[in-house]
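Summary of the model geometry
Listed below, chain by chain, are the residues.
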Amino acid sequence: IEDPSRRVRALRTLLRRYLKRESQVVRGPRLMGAREMKRLVLNNPPMRELARTEASALGKSEADVLKDMDKAYNSIAAHFRFSVINILFLILRPMWTRVFSGVDIGEEDLQRIRQSMREGGTILVPCHKSHFDYMLLSWYFYQNNLIVPHIVAGINLSIWPLSLVLRSAGAFFIKRSFRGERIYSAVFSRYLRELIRQNYP
């Protein structure tokens, strides 16, 4: 006869895994601090090799190239602050509930998104008819207990103090063209790769 205590332990393990997965759907993966994310993006063998190669190609010191990489990272990266997201949720609520007649998102679509988040990294591609689309997505996710997504924003929106608010809400910035921008493009690619690797939507 199978040991009942063994069955209980197996059930407890399965339940713990399920709750952890559901917790990630709501809270997302552990949100890294700005320093830790920067270290993961910049301090790795491929990026150090890039610094050496670029220093040789440009006739600059490696330290100068590393400074350029640090500057590129700072111009790109988001800095999530849930205190700012909480405030933005309250500010935007009247727009979606009073200015407009409502938000039409089917429950079936929401369940598809939840399932996608359970299975791994999720990438959302709105049609971008206006700036409302990503604001609405973030607001709706927050309202429905889903992790607020990171948002790719054009560098034209990186204007102080707007950029501080957008970065705090999960926006990261991208130049319109990477032509001749080997360091910038490498830093951006590495940053994007890290977001996907960490399963941030």
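1. Re the nonpolar core
Ranked by size, the top nonpolar core spans 24 residues in total, and within it Met 37, Met 69, Tyr 73, Val 187 and Tyr 191 carry the most contacts. Secondary structure elements with two or more residues in this core: helix H2 (34-42), helix H3 (45-58), helix H4 (62-76) and helix H9 (182-197). Sort the elements by how many residues they give to this core and H9 lands first, with 6 residues. With 11 residues, the next largest nonpolar core counts Trp 96, Leu 110, Trp 139 and Leu 146 among its residues.

2. A look at the packing of H2 against H4
In the contact formed by H2 and H4, the axes pass within 11 Å of each other and the chain directions differ by 125°. It follows from the interaxial angle that H2 and H4 lie oblique. Two packed elements cross with a definite hand, and for H2 against H4 that hand is right-handed. Residues Ala 34, Met 37, Lys 38, Val 41 and Leu 42 of H2 touch H4, and the partners they reach there are Met 69, Asp 70, Tyr 73 and Asn 74. Tallied by class, the residues present in the contact of H2 with H4 amount to 6 nonpolar, 1 polar and 2 charged.

3. Comments concerning the confidence of the model for the protein chain
Detailed reading of the predicted coordinates is not advisable wherever pLDDT is low. Residues at a pLDDT of 70 or more form 94% of the protein chain, whose mean pLDDT is 84. Model confidence for the protein chain, summarised as mean pLDDT per element, is weakest for helix H1 (residues 4-27) at 73 and strongest for H4 at 93.

4. Points about H9
Under the 1.5 Å per step criterion, the end-to-end length of H9 is 22 Å for 16 residues, consistent within 8% with the ideal 22 Å. Where the residues of H9 are buried, they touch H2, H3, H4 and strand S2 (171-174). Trailing H9 by a residue or two, Asn 199 shows a phi angle of about 65°, which is positive.

5. Remarks on the side chain of His 150
Note that His 150 resides in the loop between helix H7 (132-143) and strand S1 (151-154). Under the relative-accessibility criterion, His 150 is labelled buried at 15%. Not counting residues within four places of it along the chain, the set of residues in contact with His 150 comprises Ala 78, Phe 80, Gly 170, Phe 172, Tyr 191, Leu 195, Tyr 200 and Pro 201.

6. With respect to the packing of H3 against H4
At a minimum axis separation of 8 Å, H3 and H4 run at an interaxial angle of 120°. With respect to H4, the element H3 is oriented oblique. Remark: the crossing between H3 and H4 carries right-handed chirality. Across the interface between the two elements, Met 47, Arg 48, Ala 51, Arg 52, Glu 54 and Ala 55 from H3 touch Glu 62, Val 65, Leu 66 and Met 69 from H4.

7. Some details on the packing of aromatic side chains
According to the stated counting rule, one finds 8 aromatic pairs in the structure shown. Taking 5.6 Å as the distance between ring centres and 10° as the angle between the ring planes, the aromatic pair formed by Phe 80 and Phe 82 counts as stacked. For Phe 82, a relative accessible area of 37% corresponds to the partly exposed category. Pairing Phe 178 with Phe 188 gives two aromatic rings, centres 5.6 Å apart and planes at 65°, and the pair type is edge-to-face. In this pair, Phe 178 is assigned in the loop between S2 and H9 and Phe 188 in helix H9, connecting sequence segments 10 residues apart. A relative accessible area of 29% places Phe 178 in the partly exposed class. Judged by relative accessible area, which is 7%, Phe 188 ranks as buried. Linked through ring pairs, Tyr 73, Phe 172, Phe 178, Tyr 184, Phe 188 and Tyr 191 together constitute an aromatic cluster. When the ring centre of Tyr 184 is taken as origin, the NZ or CZ atom of Lys 175, which lies over that ring, is 4.6 Å away.

Reading the values: the criteria
- Residues numbered from 1 in each chain as written.
- Predicted model: local features only at pLDDT ≥ 70, side-chain atom pairs only at ≥ 80, totals over all residues.
- Heavy atoms only, no water.
- Core = buried A, V, L, I, M, F, W, Y, C linked by side-chain atoms within 4.5 Å.
- Buried < 20%, exposed > 50% of the residue type's maximum accessible area, 1.4 Å probe, protein only.
- Helix = DSSP H or I, 4+ residues; strand = E, 2+ residues; numbered from the N terminus.
- Axes fitted to C-alpha atoms, helices over the stretch in contact; angles between N-to-C directions.
- Parallel < 35°, antiparallel > 145°, perpendicular 65-115°, else oblique.
- Left-handed = near helix turned anticlockwise from the far one by under 90°.
- Contact = heavy atoms within 4.5 Å.
- Nonpolar A, V, L, I, M, F, W, Y, C, P; charged D, E, K, R; others polar.
- pLDDT = per-residue confidence, 0-100.
- Expected span 1.5 Å × (residues − 1).
- Phe/Tyr/Trp six-rings, centres within 6.5 Å; stacked < 30°, edge-to-face > 60°.
- Lys NZ or Arg CZ within 6 Å of the ring centre and 35° of its normal.

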